[in-house]
Amino acid sequence: VFYRFFSDFITFPLIYQPGNFKALDESFWAEIFWQDIFYFVDVFILVFVMWKKKQYFIFQTIPSIERKVYFLMKAGLIFINLGISHLQTPDLFNRNFDREQLVKNIGPYNYTLYDLYLQTKTSAQRVFAEDNDLIEIKEYVDSNYVEPNPKYFGIAKGRNVIVVSLESTQNFVINRTVNNEEITPFLNDLIKESYYFNNFYHQTGQGKTSDSEFIVDNSLYGLGRGAVFFTHPKNEFMATPEILSNLGYTTASLHANTKVFWNRDEMYHSLGYDRFYHLDYFDVTEENAIGWGLKDIHFFEQSVRLLKELPQPFYAKLITLTNHHPFVLAEEDVFIDANVTESETLNQYLQTVRYEDEALRLFFQQLKDEGLYDNSMIVIYGDHNGIIEKDYEALSMFLEKDYTAHTVVEMQQVPLIIHIPGEEGETISTVGGQIDLKPTMLHLLGIETEGQLNFGHDLFSENHPNLAIFRDGRFVTDKYVFADNTCFEKDSGSVTGDAHCETYYDIVTKELNYSDQIIYGDLIRFYNKDMFIK
Ligand code: GP9
Ligand code: MN
């Protein structure tokens, strides 16, 4: 069931965040089928036979020597298996973030043991880390720094920053219609007067929304296993809120869910948020809530009241919720008839996205009414996919594309809209991802980022590397897409020679592993902070 929902294998760190699982109830039941009972048929048969035919079962102690031989042979087999896998795919364990390949090569049982080993290893990593570990990484990051584009540097200087994280919002909904009606009429208009990035990807892993928050604020990758918000909330970071807070901004996060969800209350301290407006600050009633909580329209409305009270300039992040799996809406909130695909989930998704768009329209109106609009920069991005693997085929059909690994990568595109009132805006096709947002935003605010430990690059820079690395090792460049161990041409989607992708292979592995080392080793604590705030 976990794989069905997340297209991923469970890892040990996830087991330590059961608080989140409770809220996933609804999604869990939506993904469980009655046929799943057949997985347990052997257990039923065994219990039945044990009960009826007791004579078949003789319980006796195995002699110690036989036990030893058994375990030795078992261990031997595991090592042979791992050895063969290593020979076949030498990079397998160096790229252990690619769980799909890992499980294919060593099998689910060995994978579980290996994950346990990783769990032990990474837990000890902080203790053994030292300042020298940071030097090589810092050199790598410094050598990849790209200069901001002077045309855009500082164009939003002194403004408030309103970051809106759109739950499960993928880019394919933009400029698309169902039954001749736009799915996102407001956003379609907004992008005409904003910087709209139409080649922008989410890079989240198992930490989903929390990963997107982490990546956006830190310009580091989320972890390959588990969610940083849960595993390393006490680490030292140099996140955007902390940097801005030091420069006199008020920093806040607004989200109408319990404060402990994704361990936000703890993590936000480390990221430098001065204030966290969580569930307790919102007025939630039976009428204004659905599914996971406060409906977006009400969330925005109540948030504007809170924003009005914030000392300016502020950096405020608003996280929406209604467009969350399983995408349920009250009848009065259905603004579009989207019964257009085989998949009921996808149809519902199109409707909840349409609702979210309406909520955004009203939000902008309220910002204007309250005098918060003109002096702000509004950054809107999608946190991660909403449509899961089960519905990829239906989605491919809806998009009129073949269902291939290349199409699945395309589905990982999320919208990024940077709206600066007074600026004309343009559509920009640079290939980038959430990791790029920190330097991009800071440069727009006129704040230098050279010397910071950012793995991303300013999306406006003329030297942006045009590379988006996904947490599982897939990647996209301006010409190629690497997925499912295959190299594709980006535009045509046809398979091309591996050599085109191989050039990026080392960079990708290096970046992901360096970023992990920073988090597991808590390496930023060794960073000389005077160097990064200019
Ligand atoms: C929960 C919200 C959704 O507070 O951010 O989390 P998700 O399941 O999308 O990670
Ligand atoms: Mn989310």
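Quick note: structure is the one above.
Quick notes on the rules
- Residues numbered from 1 in each chain as written.
- Chains lettered and ligands numbered in written order.
- Predicted model: local features only at pLDDT ≥ 70, side-chain atom pairs only at ≥ 80, totals over all residues.
- Heavy atoms only, no water.
- Buried < 20%, exposed > 50% of the residue type's maximum accessible area, 1.4 Å probe, protein only.
- Helix = DSSP H or I, 4+ residues; strand = E, 2+ residues; numbered from the N terminus.
- Pairing = 2+ DSSP bridges.
- Right-handed = clockwise from strand over helix to strand, strands pointing away.
- Patch = residues over 30% accessible without salt bridge, like charges linked within 9 Å, V, L, I, M, F, W, Y side chains within 5 Å.
- Areas by Shrake-Rupley, 256 points an atom, 1.4 Å probe, with all protein chains shown as cover.
- Salt bridge = Lys/Arg side-chain N within 4 Å of Asp/Glu carboxyl O.
- Contact = heavy atoms within 4.5 Å.
- Core = buried A, V, L, I, M, F, W, Y, C linked by side-chain atoms within 4.5 Å.
- Axes fitted to C-alpha atoms, helices over the stretch in contact; angles between N-to-C directions.
- Parallel < 35°, antiparallel > 145°, perpendicular 65-115°, else oblique.
- Nonpolar A, V, L, I, M, F, W, Y, C, P; charged D, E, K, R; others polar.
- Polar contact = N/O pair within 3.5 Å; in protein donor to acceptor, adjacent residues only side chain to side chain.

K.L.:
Hey, could you go over the pairing of strand E6 (residues 250–254) for me, with residue numbers and the actual values?
P.N.:
Here E6 lies mainly inside the structure; five of its five residues are buried. In E6, alternate side chains face the same way, and those of Thr250, Ala252 and Leu254 on one face and Thr251 and Ser253 on the other are all buried. Sheet topology note: the E6/strand E10 (residues 314–319) ladder contains five bridges and is parallel. Paired with leucine 254 across the bridge in E10 is leucine 318. Pairing of E6 with strand E7 (residues 275–277) involves three bridges; the strand directions are parallel. Looking across to E7, one finds that leucine 254 is bridged to tyrosine 277. As for the winding sense of the linkage, the β-α-β connection from E6 through helix H13 (residues 264–271) to E7 is right-handed.

K.L.:
An account of a nonpolar patch on the surface is requested, with residue identities and associated values reported.
P.N.:
There is a patch of nonpolar side chains on the surface, built from Trp34, Ile37, Phe38, Tyr39, Phe40, Val43, Phe44 and Val47 and spanning about 950 Å² of accessible area. Secondary-structure assignment places phenylalanine 44 in helix H5 (residues 41–52). Using a relative accessible area of 49% as the deciding quantity, one classes phenylalanine 44 as partly exposed.

K.L.:
Give a description of the side chain of asparagine 513 that names residues and reports values.
P.N.:
In this structure, asparagine 513 sits in helix H19 (residues 498–521). Look at asparagine 513 and you get buried, because its relative accessible area is 18%. Once you skip the residues sitting within four places of it in the chain, asparagine 513 turns out to touch Asn94 and Phe97.

K.L.:
Tell me about the nonpolar core, and name the residues and values.
P.N.:
Met377, Ile418 and Phe455 are the most contacted members of the largest nonpolar core, which totals 75 residues. Among the elements that line this core, the one with the most residues is H19, at seven residues. Membership of the second largest hydrophobic core comes to 56 residues, among which are Ile162, Tyr196, Leu294 and Phe299.

K.L.:
Describe the environment of phenylalanine 57, naming the residues involved and giving the relevant values.
P.N.:
Looking at where phenylalanine 57 falls in the secondary structure, it is placed in the loop between H5 and helix H6 (64–88). A residue is classified by how much of its surface remains accessible, and phenylalanine 57, at 27% relative accessible area, is partly exposed. The spacing of phenylalanine 57 and leucine 92 is 35 residues in sequence and 42 Å in space, taken between C-alpha atoms. Not counting residues up to four positions away in its chain, the partners in contact with phenylalanine 57 are Leu46, Val49 and Met50.

K.L.:
Could you give an account of the packing of helix H10 (residues 208–218) against H13, naming the residues involved and the relevant values?
P.N.:
Closest axis-to-axis distance for the H10/H13 pair is 12 Å, and the angle between their directions is 5°. It follows from the interaxial angle that H10 and H13 lie roughly parallel. Each of Thr209, Glu213, Phe214, Asp217 and Asn218 in H10 lies in contact with H13, whose residues at this interface are Arg264, Met267, Tyr268 and Leu271. Grouping the constituent residues of the contact of H10 with H13 by class yields four nonpolar, two polar and three charged.

K.L.:
Just give me the short version of the side chain of threonine 509, but keep the residues and values in it.
P.N.:
Relative to the helices and strands, threonine 509 resides in helix H19. A polar side-chain atom of threonine 509 sits 3.0 Å from a polar atom in the side chain of arginine 95. Not counting residues up to four positions away in its chain, the partners in contact with threonine 509 are Asn94, Arg95 and Phe97.

K.L.:
Describe the pattern of salt bridges, and please don't skip the residues or the numbers.
P.N.:
One pass over the full model with this rule turns up 22 salt bridges. Among the salt bridges present, the one from glutamate 301 reaches arginine 305, with a minimum N-O distance of 3.7 Å. With glutamate 301 and arginine 305 both in helix H14 (residues 296–309), this residue pair falls four residues apart, about one helical turn. As a salt-bridge pair, lysine 390 and aspartate 391 come within 3.9 Å of each other at their nearest N and O atoms. Using a relative accessible area of 37% as the deciding quantity, one classes lysine 390 as partly exposed. When its relative accessible area of 5% is taken as the criterion, aspartate 391 is described as buried. When salt bridges with common partners are traced through the structure, they connect Glu213, Asp217, Arg264 and Lys317 into a single cluster.

Nothing here speaks to function; it is all geometry.
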